[in-house]
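Residue strings, one per chain:
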Amino acid sequence: MVEVLIKATEEKFETRRELGSYTGTEEGPVLVVFGGIHGNETSGICALQKVLTKLERLQLPFRGRLIALAGNLRALEKGDRYIDMDLNRLWTNDKVAAIMKDHETVAKDISEAHELFELNKIILKEIEEAGERKIYFLDLHTTSSVSQPFISIDSLPINRKMANLFPVYTILNKPGVLTGTLTHHINEMGYPAICYEAGQHDALSSIENQEAIIWLALSAAGLMRDDDIPRYQLFYEELSKSTTEGRKNFRMAFRYSIHIDEQFKMEPGYVNFEKIKAGQILARNQKGAIKAEIDGRLFMPLYQPQGNDGFFIIEEVI
C-alpha cells in the first residue's frame, strides 16, 4: 500500500492499484478512470477517492460501473514522474507485446514494465466483462507549468464525440508527434479514451478540476443524469470559466525531444497556451538558445527534472 501526499492540501491518502469501484442498481456503461500514471501527479487520485466516497455516502442514482485505478505505484511512493521510463510513453504495440509476454524479465531493467503489465491485465478484463455494454476510459494528469485545464486526444471520431461534451480546450494529437500513450493504446483496441490535464501539479485547483471532470464524465458516458449529480452546474461553470477564450481545438504541430545528456532548461515564466513567434527563445542547452521553429502556442513546457518532451508547439484548428 502506497501513501500519497497531496501537497496542496497536506492531506495523506493511501492508494493501491484498484482504488475502488462503484456499481449502480441498473446495468449500464462502464467508465474506467486512471490517476497517477506519473508518480508526481497525485491530484487525480485524490479526486477519485473524493468522488467514490461521495457516491457511497449519498447512494445517488447510478447505472453501470465506475472503476478507479492508480498508475505507477513505485513512482507514486517516491513522488517522481517515473522510476526508469515514462509509463505514458511505453504503450507502443511492440513494447506492450514484449512486456505481456515476459514482464518479469523486462521489469529487471524497467520498473514500469510491471506497472504496465498489471494495468493492461485490468484493462483487458474490464473490456471482456463489459461485453456489449459501452466502455469509456479517462486518464487524469497535471502539468509542470501553470496551465488551464484541457483535454488531449487522438483525433478519432470516438474520442472527439466525447471530448466535445466538456467545456475546455481540446488538443488533437498528430500521429508520430506523441507516441506510446495509454490512451492511444486503448484507442487502438477500438475504445474511446481521453486524457485530461487539470492544471499545475501541486495546485489546489487541480484537485477541484479533476473532481469536476470525473462528475462530468459520469454524465457524458451515461452513468448518471446531470440532475442527479450534486453541484453539476457549478462544476460545468467552473471549468468553463477556466478556459479564458472559450472552447477551442488545437493540433500538435511540433515537439522538441530532449536528447540523452542534453542540458535542457526552459526559459523561466512561460505558461501553457502562451502565444509565441518563430525565432523566439524558449529554452537553452549546452549549445545555446533553443528557438521556436514556427508561430503558434507553447504547449506543456518542461519545468521538472524528469521528462523527454521539452515543449510542444500547437496550432489552433479553425
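In the block above lies the structure referred to throughout.
Residues numbered from 1 in each chain as written. Predicted model: local features only at pLDDT ≥ 70, side-chain atom pairs only at ≥ 80, totals over all residues. Heavy atoms only, no water.

Novice: Please give an account of the environment of Ile314 that cites residues and values.
Specialist: One can find Ile314 in strand β16 (residues 309-316). For Ile314, a relative accessible area of 0% gives the class buried. Through-space distance from the C-alpha of Ile314 to that of Ile45 is 28 Å; in sequence the pair is 269 residues apart. Once you skip the residues sitting within four places of it in the chain, Ile314 turns out to touch Ile171, Phe250, Arg251, Met252, Ala253, Phe273, Gly296, Arg297 and Phe299. (Helix = DSSP H or I, 4+ residues; strand = E, 2+ residues; numbered from the N terminus. Buried < 20%, exposed > 50% of the residue type's maximum accessible area, 1.4 Å probe, protein only. Contact = heavy atoms within 4.5 Å.)

Novice: I'd like a rundown of the packing of aromatic side chains, residues and numbers included.
Specialist: For any pair of aromatic rings, the description consists of the separation of the ring centres together with the inter-plane angle of the planes. Tallying each qualifying case throughout the model produces 13 aromatic pairs. Residues Phe150 and Phe299 carry aromatic rings whose centres are separated by 5.0 Å and whose planes lie at 65° to one another, so their mutual orientation is edge-to-face. Here Phe299 lies in strand β15 (residues 296-299) and Phe150 lies in strand β7 (residues 150-154), a separation of 149 residues in the sequence. Phe150 sits in the buried class, given a relative accessible area of 0%. (Phe/Tyr/Trp six-rings, centres within 6.5 Å; stacked < 30°, edge-to-face > 60°.)

Novice: Break down the nonpolar core for me, with residues and values.
Specialist: By size, the foremost hydrophobic cluster in this structure holds 44 residues, and its most contacted members are Leu31, Leu55, Leu66, Leu138, Phe166, Trp215 and Leu218. A total of seven residues in this core trace back to one element, the largest contributor, which is helix α8 (residues 204-220). With 25 residues, the next largest nonpolar core counts Leu69, Leu119, Ile127 and Ile186 among its residues. (Core = buried A, V, L, I, M, F, W, Y, C linked by side-chain atoms within 4.5 Å.)

Novice: For the sheet that holds β15, give the residues involved together with the corresponding values.
Specialist: Each strand in a sheet pairs with its neighbour through backbone hydrogen bonds, running either in the same direction (parallel) or in the opposite one (antiparallel). Strand order in the open sheet formed by eleven strands is β3-β5-β4-β6-β9-β7-β8-β10-β16-β15-β12, with mixed pairing between adjacent strands. The sheet is open, and its two edges are formed by β3 (18-23) and β12 (275-276), each paired on a single side. Bridging between strand β10 (residues 249-257) and β16 involves seven bridges; their strand directions are antiparallel. Among the inter-strand pairings, Phe254 is bridged to a residue of β16, identified as Ile313. (Pairing = 2+ DSSP bridges.)

Novice: Can you tell me about the layout of surface pockets, naming the residues and giving the values?
Specialist: Considered as a void within the structure, the largest pocket measures approximately 590 Å³ in volume. Taken together, 38 residues line the largest pocket, and the ones lying closest to its centre are Arg81, Asp86, Arg89, Leu178 and Asp309. Only β6 (135-143), β9 (193-200), β10 and β16 provide two or more residues apiece to the lining of the largest pocket. The greatest single-element share of the lining of the largest pocket, amounting to four residues, is contributed by β6. Here the lining of the largest pocket is composed, by residue class, of eleven nonpolar, 17 polar and ten charged. (1 Å grid on protein atoms, 1.4 Å probe; cavity = no way out; pocket = protein on both sides within 12 Å on 5 of 7 lines; lining within 4 Å. Points joined across faces, edges and corners; volume = space filled by probe spheres on them. Nonpolar A, V, L, I, M, F, W, Y, C, P; charged D, E, K, R; others polar.)

Novice: An account of the pattern of salt bridges is requested, with residue identities and associated values reported.
Specialist: Going through the model one piece at a time under the given rule, you end up with 17 salt bridges. Salt-bridge contacts for Arg225 lead to Asp227; the nearest nitrogen and oxygen are separated by 3.5 Å. A cluster of three or more residues bridged by salt bridges with shared partners is formed by Arg65, Lys125, Glu126 and Glu129. (Salt bridge = Lys/Arg side-chain N within 4 Å of Asp/Glu carboxyl O.)

Novice: Explain the pairing of β10 to me, using residue names and the numbers behind them.
Specialist: Taken together, the three bridges between strand β8 (residues 169-173) and β10 define a ladder with parallel strand orientation. Each bridged residue has a counterpart across the sheet, and for Ile171 the counterpart in β10 is Phe250.

Novice: Can you explain the packing of helix α1 (residues 43-58) against α8? Please cite residues and give values.
Specialist: Where α1 meets α8, the closest approach of the two axes is 8 Å, and the angle between their N-to-C directions is 50°. Our classification of the angle between α1 and α8 gives oblique. Considering the relative orientation of α1 and α8, their crossing is right-handed. Residues Ser43, Gly44, Cys46, Ala47, Leu48, Lys50, Val51, Lys54 and Leu55 of α1 touch α8, and the partners they reach there are Ser206, Ile207, Gln210, Glu211, Ile214, Trp215 and Leu218. Looking at the contact of α1 with α8 residue by residue, the class counts come to nine nonpolar, four polar and three charged. (Axes fitted to C-alpha atoms, helices over the stretch in contact; angles between N-to-C directions. Parallel < 35°, antiparallel > 145°, perpendicular 65-115°, else oblique. Left-handed = near helix turned anticlockwise from the far one by under 90°.)

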